[in-house]
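Here's the letter readout for the chains.
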2 protein chains.
Amino acid sequence: MIFIYKLIIVQTLQEKINNKTKPLASLGKLEQLAFQIGSIQNTLTPKLTQPTMVVFAGDHGIANEGVSAYPQEVTYQMVLNFLNQGAAINVFCNQHQLDLKIVDAGVNHDFASHPQLIPAKINHGTKNFLHEKAMTKEELDLCFVKGAAVVNTICKNNCNIIGFGEMGIGNTSAAATLMSAVCKLPLDQCVGRGTGLNDAQLAHKLDILSQAQMRHQGITDPYDLLQTYGGFEIVQMCSAMLFAHSRNMVIMVDGFIATTAYLMAFTINSEIKSNAIFCHLSDECGHRTLLNYLGAEPLLSLNMRLGEGSGCAVSYPIIKSAVAFLNEMASFDSAGVSNK
Amino acid sequence: MIFIYKLIIVQTLQEKINNKTKPLASLGKLEQLAFQIGSIQNTLTPKLTQPTMVVFAGDHGIANEGVSAYPQEVTYQMVLNFLNQGAAINVFCNQHQLDLKIVDAGVNHDFASHPQLIPAKINHGTKNFLHEKAMTKEELDLCFVKGAAVVNTICKNNCNIIGFGEMGIGNTSAAATLMSAVCKLPLDQCVGRGTGLNDAQLAHKLDILSQAQMRHQGITDPYDLLQTYGGFEIVQMCSAMLFAHSRNMVIMVDGFIATTAYLMAFTINSEIKSNAIFCHLSDECGHRTLLNYLGAEPLLSLNMRLGEGSGCAVSYPIIKSAVAFLNEMASFDSAGVSNK
């Protein structure tokens, strides 16, 4: 019965979109977004309430292997930059009135309390997965608990659209190994320049990750993979996405790392797809391949590769435009405009 | 001396962008936009003031040949829809606080006065260019006068960023013949489905436009081409863009028709390019080819093909993001974040 009701809404939704004063389908991806969000909320008049960006931050033992162009302390320094309103994500959230929360999922630094900081530290960075698993089973479980709890609090604050970003020096390494294992793709299709490696550094990164992959070969279970490669921010983000889906929120997915967290969530529960919007195509090598694997079409393609959820924040007004035209535009009938 | 000063600003601008707390070039096209707008305004702290969308509307004699999926009266009906706040462009301008003006450049209807309507009517639609030139030389000249006057008024209102859109049943036909003549490309690479022609209608449109092209072959002068094919809204938009450039405004270019007006303006004065932002890639066949001809890279690619300036309005927040990060983000030094 609920299924039939949903079917009627979906059909009526498409008719409503088609009867707006515009040539059929001429708003392109905005129409697909309007349809998707109307379907998620099961209504002809969807609303976006308390839009929120959550940036999960964590450190990575693998960073000790020289796989990043920046030193590990940049993770905590950038968290402080977020809290001081100085980063790109602050500017874009401020521009679009997005609530911004920073989650300390496992940064190698102890922060003073701050209204925007959610403490969810598992440990002071993961272990180096070149030599051992990134985290213990207990730490993995705790990541799932804390990631869900973060979204639970935000959801209770009346938020129905949530974007996910991250900060963590070394996390393109964790993401690339996860992607390679899940998508069964060779590492060189998954490993990129991250924050800006040169050719020699990129070759070194690939070499280190190949060694790590050899050490951990044969693992296919998504939970085991997350425990093996981490990091804390990726696992918490994966859990947070799954929880957001369980609360029927619209999920904005950012770039390479966030899409990898989504990949793990999708592997655990593929129904999450109906709630996901892929906000942009990152310039990080591997993101296009990953989106193709997921059958996902990104909204924007602006050659960005910053992380922090910046792609979500920049694309948010486009998502808002989709909802706005559905709610506010006249129909051919109401405007007295001749249809074909 | 002014040239040297400008050179210094441009160099310092790039340094300012590079020193923001983000990996080098990681904001992609946003960085290019910030650099472009800073260069236009010759400052390290550019501002966007009184952003305005102008929609030029006009009717076309060629519409009598059945080249559009919609009847000609839709032009005036849509103008009324704009004035009643019911169209897509109203919704998006409202969302982003863009001032919206509608110009009656030559609609086949007499409108009552309205605060958003700028009367600049040349005639009640152009003549049918299948049989004769779309307008007289006097009408052409008047289009240039009135198009410039529209922007002059807006510029005096402290606007420094202006977007151009259009409405006119039949205007993809005028645009396609102009593009074909200027770019020296066969008509079938320029002619598309417009508001939604089926295969047979598209073949008919191509046939009609080929006949018109035969009749008017050999014309290469841009003013003569504009007089020949029209329409009033395209010529006024071309003039308006040239005037906006003369006042050093940022020029937002919309889809296929607006880009054709830009093509004509560019042919008259190629320096306009430094001020132009190509807002989106339209789904109308020919737009990609036209952008390639102009060496222009569009910001968005959302499969839209609505006109009205909708692509400008939807991309405006992205442009605003570029200016915002340049003005508001911390630098590595100011935030105490380690650089590479």
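Everything that follows concerns the structure shown earlier in this document.
All figures in this text were calculated on a predicted structure; none of them were measured in a lab.

How each quantity is defined
- Residues numbered from 1 in each chain as written.
- Chains lettered and ligands numbered in written order.
- Predicted model: local features only at pLDDT ≥ 70, side-chain atom pairs only at ≥ 80, totals over all residues.
- Heavy atoms only, no water.
- Pairing = 2+ DSSP bridges.
- Helix = DSSP H or I, 4+ residues; strand = E, 2+ residues; numbered from the N terminus.
- Axes fitted to C-alpha atoms, helices over the stretch in contact; angles between N-to-C directions.
- Contact = heavy atoms within 4.5 Å.
- Buried < 20%, exposed > 50% of the residue type's maximum accessible area, 1.4 Å probe, protein only.
- Lys, Arg positive; Asp, Glu negative; His and termini not counted.
- Salt bridge = Lys/Arg side-chain N within 4 Å of Asp/Glu carboxyl O.
- Least-squares fit on C-alpha atoms with pLDDT ≥ 70 in both.
- Parallel < 35°, antiparallel > 145°, perpendicular 65-115°, else oblique.
- Left-handed = near helix turned anticlockwise from the far one by under 90°.
- Nonpolar A, V, L, I, M, F, W, Y, C, P; charged D, E, K, R; others polar.
- Buried area = accessible area lost by both parts, 1.4 Å probe.
- Polar contact = N/O pair within 3.5 Å; in protein donor to acceptor, adjacent residues only side chain to side chain.
- Expected span 1.5 Å × (residues − 1).
- Core = buried A, V, L, I, M, F, W, Y, C linked by side-chain atoms within 4.5 Å.
- Right-handed = clockwise from strand over helix to strand, strands pointing away.
- Phe/Tyr/Trp six-rings, centres within 6.5 Å; stacked < 30°, edge-to-face > 60°.

A few points about the sheet that holds strand β3 (residues 117–119) of chain B
Residues and elements named next belong to chain B.
Logical step 1: Pairing is parallel in the open sheet, where six strands are placed in the order β3-β2-β1-β4-β5-β6. Where the open sheet ends on each side, the last strands, each with one partner, are β3 and β6 (276–278). Going from strand to strand, the sheet's axes swing by 25° on average, the running direction of each strand aside.
Logical step 2: Of the pairings in the sheet, the one linking strand β4 (residues 161–167) to strand β5 (residues 250–253) comprises four bridges and is parallel in character. The residue bridging Ile162 from the neighbouring strand is Ile251, located in β5.
Logical step 3: Relative to the sheet, helix α9 (residues 232–246) contacts β1 (52–58), β2 (99–106), β4 and β5, its axis offset from that of β4 by approximately 175°.

With respect to the side chain of Glu284 of chain A
Residue and element names in this part refer to chain A.
Logical step 1: By the secondary structure assignment, Glu284 is in the loop between β6 (276–278) and α11 (287–294).
Logical step 2: Despite its burial, Glu284 remains without a salt bridge, the nearest opposite charge being carried by Lys205 at 4.3 Å.
Logical step 3: Not counting residues up to four positions away in its chain, the partners in contact with Glu284 are Thr172, Gly192, Arg193, Gly194, Lys205, Phe256 and Arg305.

Some details on the relation of the copies chain A and chain B
Logical step 1: Between the two copies, chain A and chain B, the superposition gives an RMSD of 0.0 Å; the rotation angle is 180° and the shift along the axis is 0.0 Å. Such a combination of rotation and displacement between the chain copies is what one expects of a two-fold axis.
Logical step 2: The overlap is high: 100% of the interface residues of chain A also sit at the interface in chain B, so the same surface is used on both sides.

What about the packing of helix α6 (residues 171–183) of chain B against helix α8 (residues 222–229) of chain B?
For any two helices packed against each other, the geometry comes down to the angle between their axes and how far apart the axes lie.
All names here are of chain B.
Logical step 1: Following both chains from N to C, one finds α6 and α8 inclined at 155°, their axes separated by 10 Å at the closest point. Comparing the axis directions of α6 and α8 gives the class roughly antiparallel. Two packed elements cross with a definite hand, and for α6 against α8 that hand is right-handed. Contacts from Ala174, Thr177, Leu178, Ala181 and Val182 in α6 reach Leu225, Leu226 and Tyr229 in α8.
Logical step 2: The residue makeup of the contact of α6 with α8, split by class, is seven nonpolar, one polar and no charged.

So, the interface of chain A and chain B
Logical step 1: Taken together, the 54 residues of chain A in the interface contact 54 residues of chain B.
Logical step 2: Contact between chain A and chain B buries roughly 4,300 Å² in total, counting both sides, with carbon and sulfur atoms accounting for 61%.
Logical step 3: The largest per-residue losses of area from chain A upon contact with chain B belong to Tyr70, Leu302 and Lys340 of chain A, which jointly make up 13% of the total buried on that side.
Logical step 4: Here chain A is connected to chain B by zero salt bridges.
Logical step 5: The tally of links between chain A and chain B comes to 18 residue pairs in polar contact (both at pLDDT 80 or more).
Logical step 6: Broken down by secondary-structure element, the contributors of at least two residues to the side of chain A that touches chain B are α2 (28–41), α3 (74–83), α4 (88–95), α12 (310–328) and α13 (332–335) of chain A.
Logical step 7: In terms of residues, the side of chain A that touches chain B owes the most to one element, α12 of chain A, which gives eight residues.
Logical step 8: Broken down by class, the residue content of the side of chain A that touches chain B amounts to 29 nonpolar, 17 polar and eight charged.

What to know about helix α5 (residues 137–156) of chain B
Logical step 1: Spanning 20 residues, α5 of chain B covers 29 Å between terminal C-alpha atoms, matching the ideal 28 Å at 1.5 Å per step.
Logical step 2: Asn158 of chain B occupies a position one or two residues after α5 of chain B and carries a positive phi of about 75°.

Regarding the nonpolar core
Logical step 1: Residues Ile319 of chain A together with Ile319 of chain B are the most contacted members of the largest nonpolar core, which totals 118 residues.
Logical step 2: With residues up to four places along the chain from it excluded, the contact list for Ile319 of chain B reads Leu33, Ile37, Leu48, Ile161, Met252, Ile277, Cys279 and Leu299 of chain B.

Comments concerning the pairing of strand β5 (residues 250–253) of chain A
Residue and element names in this part refer to chain A.
Logical step 1: Of the two faces of β5, the one carrying Val250 and Met252 and the one carrying Ile251 and Val253 are both buried.
Logical step 2: Pairing of β5 with β6 involves three bridges; the strand directions are parallel. Looking at β6, one finds that Val253 is bridged to Phe278.
Logical step 3: Read as a crossover between parallel neighbours, the route from β5 over helix α10 (residues 256–268) to β6 is right-handed.

Quick look at the side chain of Lys205 of chain A
All names here are of chain A.
Logical step 1: Relative to the helices and strands, Lys205 resides in helix α7 (residues 199–215).
Logical step 2: There is a polar contact of 2.8 Å between the side chain of Lys205 and the backbone oxygen of Gly192.
Logical step 3: Those residues in contact with Lys205 that lie beyond four places of it in its chain are Val67, Thr172, Ser173, Val191, Gly192, Arg193, Gly194, Leu197 and Glu284.

Details of the packing of aromatic side chains
Working definition: an aromatic ring pair is given by the centre-to-centre distance plus the angle between the planes.
Logical step 1: Considering all chains together, one arrives at twelve aromatic pairs over all chains under this definition.
Logical step 2: For the pair Phe129 of chain B and Tyr229 of chain B, a centre-to-centre distance of 5.0 Å together with 90° between the ring planes defines the contact as edge-to-face. Linking Phe129 of chain B in the loop between β3 and α5 with Tyr229 of chain B in helix α8, this pair joins segments that are 100 residues apart in sequence.
Logical step 3: Judged by its relative accessible area of 1%, Phe129 of chain B is buried.
Logical step 4: Judged by its relative accessible area of 2%, Tyr229 of chain B falls in the buried class.
Logical step 5: Taking 4.9 Å as the distance between ring centres and 90° as the angle between the ring planes, the aromatic pair formed by Tyr262 of chain B and Phe278 of chain B counts as edge-to-face. Of this pair, Tyr262 of chain B sits in helix α10 (residues 256–268) while Phe278 of chain B sits in strand β6, and the two are 16 residues apart along the sequence.
Logical step 6: Through successive ring pairs, a cluster of aromatic residues spans Tyr262, Phe266 and Phe278 of chain A.

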